[in-house]
Amino acid sequence: MNKGIAGYVATSGEVLNIPNAYQDPRFNRAIDIKTGFYTRNILCIPMKSSKGQIIGVAQLINKMPEPMIFTNEDEMLLTAFSSLASTTIEKNLVFQELQSILDDTSEAKVHLSKIVQGLPSVIIALDNTGRVVSVNHPELLNISDETMDLMKFNSFDIWLGSKTNALLIDDIRSAFKGEIGICGRDYELVLNGHVFVVNYTASEMEEPEIEELNRAAATGGNGNRGGKSIGFKFDLKDDEGDEESSDEENSDDGGGGEQFDDYMRKKVASFNKGKKVEGVVLCLEIIDSKRRITDTLLKYMPPPVVQNLLAEAIDHSEGCKLRASALSVDLRGFASLCDRLDAKDSIFILNQYHQAAYDVLSSGGGLVDKISSEKVSAAFGVPDANESDPFDAINAAMRLLSQMEKVNSRLSDCSLPMVHIGLGIATGNVLCGIVGPSKRLDHVIMGETVTNAASIQEATKLYGCNLLICDKTQREVRDKFHFREIDNVKVKGNNIPITLYEVLGPGNAELAREIITSTICFELGLSEYRNQNYSVAQLHFKKAIQTSDDGPSKMFVQRCQDLLEGKIKLAAEWDGCWDLDKTDKTE
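Residues numbered from 1 in each chain as written. Predicted model: local features only at pLDDT ≥ 70, side-chain atom pairs only at ≥ 80, totals over all residues. Heavy atoms only, no water.

Here we look at the overall build of the chain
Helix and strand content of the chain: 19 helices and 17 strands. The contacts of the chain with a sequence gap of at least 6 include a subset with a gap of at least 24, amounting to 62%. (Helix = DSSP H or I, 4+ residues; strand = E, 2+ residues; numbered from the N terminus. Contact = heavy atoms within 4.5 Å.)

Digging into the side chain of Asn488
Checked against the element boundaries, Asn488 lands in strand β15 (residues 481–490). Among the residues examined, Asn488 registers a relative accessible area of 18% and is labelled buried. At a separation of 3.2 Å, a polar atom in the side chain of Asn488 contacts the side chain of Thr499. Setting aside its immediate chain neighbours within four residues, Asn488 contacts Pro497, Ile498, Thr499, Arg530, Gly576, Cys577 and Trp578. (Buried < 20%, exposed > 50% of the residue type's maximum accessible area, 1.4 Å probe, protein only. Polar contact = N/O pair within 3.5 Å; in protein donor to acceptor, adjacent residues only side chain to side chain.)

Observations regarding a nonpolar patch on the surface
On the surface, Leu112, Ile115 and Leu119 cluster together into a nonpolar patch covering about 250 Å² of accessible area. Relative to the elements of secondary structure, Leu112 occurs in helix α3 (residues 72–118). (Patch = residues over 30% accessible without salt bridge, like charges linked within 9 Å, V, L, I, M, F, W, Y side chains within 5 Å. Areas by Shrake-Rupley, 256 points an atom, 1.4 Å probe, with all protein chains shown as cover. Salt bridge = Lys/Arg side-chain N within 4 Å of Asp/Glu carboxyl O.)

Observations regarding the environment of Glu476
Checked against the element boundaries, Glu476 lands in helix α16 (residues 471–476). With a relative accessible area of 34%, Glu476 lands in the partly exposed category. In sequence terms Glu476 and Ser388 are 88 residues apart; their C-alpha atoms lie 8.8 Å from each other. The contact partners of Glu476, leaving out residues within four places of it in the chain, are Arg323, Glu387, Pro390 and Thr427.

Quick word on the environment of Asp471
Tracing the chain through its elements places Asp471 in helix α16. Looking at Asp471, the relative accessible area reads 17%, which means it is buried. Those residues in contact with Asp471 that sit more than four places away from it in its chain are Ile498, Thr499 and Tyr501.

Comments concerning the packing of helix α18 (residues 534–548) against helix α19 (residues 551–564)
Axis separation between α18 and α19 bottoms out at 9 Å; the angle between their running directions is 160°. For the element pair α18 / α19, the angle class is roughly antiparallel. α18 and α19 meet at a crossing whose hand is left-handed. Of the residues in α19, those touching α18 at Tyr534, Ser535, Ala537, Gln538, Phe541, Lys542, Ala544 and Ile545 are Ser553, Lys554, Phe556, Val557, Cys560, Gln561, Leu563 and Leu564. Split into classes, the residues belonging to the contact of α18 with α19 amount to 10 nonpolar, 4 polar and 2 charged. (Axes fitted to C-alpha atoms, helices over the stretch in contact; angles between N-to-C directions. Parallel < 35°, antiparallel > 145°, perpendicular 65-115°, else oblique. Left-handed = near helix turned anticlockwise from the far one by under 90°. Nonpolar A, V, L, I, M, F, W, Y, C, P; charged D, E, K, R; others polar.)

Some words on helix α13 (residues 343–363)
With 21 residues, α13 extends 30 Å between its outermost C-alpha atoms, agreeing within 8% with the 30 Å of an ideal straight helix rising 1.5 Å per residue. Of all the residues in α13, the buried ones are Ser346, Ile349, Leu350, Gln352, Tyr353, His354, Ala356, Ala357, Val360 and Leu361. In the core, the buried residues of α13 are packed alongside β9 (320–331), α12 (334–340), β10 (367–372), β11 (375–380), α14 (389–413) and β12 (421–435). Of the residues one or two after α13, Gly365 is the one with positive phi, at around 100°. (Expected span 1.5 Å × (residues − 1).)

Here's the deal with the pattern of salt bridges
Summed over the entire model, instances satisfying the criterion amount to 19 salt bridges. With its nearest N and O atoms 2.7 Å apart, the salt bridge here joins Asp74 to Lys63. Of this pair, Asp74 sits in helix α3 while Lys63 sits in the loop between β3 (54–61) and α3, and the two are 11 residues apart along the sequence. Put simply, Glu485 and Arg530 hold a salt bridge, and the shortest N to O gap is 2.7 Å. Taken together, the positions of Glu485 in strand β15 and Arg530 in helix α17 (residues 513–530) put the pair 45 residues apart, joining distant regions of the chain. When its relative accessible area of 25% is taken as the criterion, Glu485 is described as partly exposed. We classify Arg530 as partly exposed; its relative accessible area is 29%. Three or more residues joined by partner-sharing salt bridges are found here, namely Asp330, Arg332, Lys375, Glu458 and Lys461.

Describing the sheet that holds strand β1 (residues 16–18)
Strand order in the open sheet formed by 3 strands is β1-β2-β3, with antiparallel pairing between adjacent strands. A single partner strand is all that each edge strand has here, and the edge strands are β1 and β3. Here the strands of the sheet are splayed against their neighbours by 15° on average, with no regard to which way each runs. Judged from the 3 bridges that link them, β1 and strand β2 (residues 42–48) form a sheet pairing that is antiparallel. Bridge pairing links Asn17 to Leu43 in β2. Taken strand by strand, helix α1 (residues 4–12) contacts β1, β2 and β3, and its axis lies near 145° from that of β3. (Pairing = 2+ DSSP bridges.)

Considering the packing of aromatic side chains
For the structure on display, the rule yields 15 aromatic pairs. When the centroid spacing of 6.1 Å and the interplanar angle of 65° are considered together, the rings of Phe481 and Phe483 count as edge-to-face. When sorted by exposure, Phe481 lands in the same class as Phe483, which is buried. Both rings, one in Tyr529 and one in Tyr534, keep their centres 6.1 Å apart while their planes meet at 55°; by these two values the pair is tilted. No difference in accessibility class separates Tyr529 from Tyr534, as the two residues are buried. Clustering of aromatic rings is evident, with ring pairs tying together Tyr463, Phe522, Tyr529, Tyr534, Phe541, Phe556, Trp574 and Trp578. One Lys or Arg, Arg26, reaches over the ring of Tyr8 and ends 4.7 Å from the middle of that ring. Its guanidinium or amino end placed over the ring of Phe522, Arg484 lies 4.6 Å from that ring's centre, counting from NZ or CZ. (Phe/Tyr/Trp six-rings, centres within 6.5 Å; stacked < 30°, edge-to-face > 60°. Lys NZ or Arg CZ within 6 Å of the ring centre and 35° of its normal.)

Remarks on unusual backbone geometry
With an omega dihedral of -10°, the bond running from Met64 to Pro65 counts as a cis peptide bond. With respect to the helices and strands, Pro65 occurs in the loop between β3 and α3. Residues Val382 and Pro383 are joined by a peptide bond in cis, for which omega reads 5°. Of note in this structure, Asn142 is not a glycine but carries a positive phi near 55°. Structurally, the position occupied by Asn142 is in the loop between β5 (132–135) and α4 (145–153). For Asn142, a relative accessible area of 39% translates into the label partly exposed.

Everything listed is a geometric property; what it means functionally is a separate question.
See below:
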């Protein structure tokens, strides 16, 4: 920048009139050597903007005829020329700045317009008078051309109707006042005789200020773009007064700063003309039946699963039957625990249990269907049935039992009592569907299988074990886990006998010696019990208790005693099936 005569003038701002270039050490001879040209004398003058900043240099070389040199009169002529040239350069720099800003703004508007058009929601933009500027999807609200004209020429409270949409009107007015967080859910919007249920948000918008334009006009465009080419021509034309603007642009009367500043103020005013300073953006999310079903399913299923269901046109609103493994979990004795603890501790325990149950069951492939106080229910095989569903259900149940040990460790650290759970699993057909009023839709899984799972879970209290499954479940995974048969029962609401099995552990793991011994004793006792040899059965059950403090054996010892003492009467042709609903009572 500071090399040669021009570089020196550009950095120093001095006027150089050099009669003999080769005698001046600042002269760079490289160009002459390269081109063969001979420079005799030089007149070089700085070119300054209206703010006194150097924006270039004007240079004359080799005054003719030889051997004449540049005079003071030449300096005055070149100074006048450079003043005119500086004004033209300054204009072009500002025009470049304006063009860049306008290009960026135009690109941003096009991009934003595409985004808004792609949104599923209806976006209504209101100007600062409350009139509609634009609506991205008028067809979704059945807005005709006549209605659109009404919306564009009248404030929002006119076309919304002060009585039919009073709440929405109040919220829009609040947004105009600058309030934030304005929204509504399940709002019944009445528009042009049509009723739409929508979720809405209303927020204030402000047009971006043109500080960059004003700064460009104020600094002569010599800000961040000072190093760019000045060969660009940009013509901003007003709708009115084009000739006046053109005359000013092309004038070369040397008026300089004042006329140019006045010219730029008019251009900036033209750029601002018709732009909205502020307004409100109203976003309407129309909630139709499909959207409600989708939202309901998303509460229970991952988004990819819901997308597949919708793509396959599976209508859960009409219900469907599937084969699944239903799982029921219960937090033991929580009601009595609440009476001894304050509310904060009770809720903390409940949330620890719920979080553990949800995490384990959902990560294991289960669909958590219900969470209510101390009970949790899930289904494996909904919405897509799989051969591994019974295995996944049992595996998740065993993982949850293990996870509850960690929960109890956290409760112990907080000086809170430990809690225990019981689980029941049944396999069979279930009915799935979305039920409820339109604003309170819920996804339900119901049927005999779900009821059986809940009854089997309740039976774990009676038999003193943590996990029981039905015979249908056991048949499908018999080679993958260690089981023992517990009892043949009839559960509440079902007259078909169900054989209960306890899951002792994974099939690829060895059972402890005392568990094996206790299981053998229990099976011997169960055989004698079914042959109604109650005294002999008691002996085997007591051996099982001595070996491993076996819970089911304790229950059978008491049942045999009650049968021996006549406290419980059996039918003459008893088939060995115990009716849980009519005899034993759980706590």
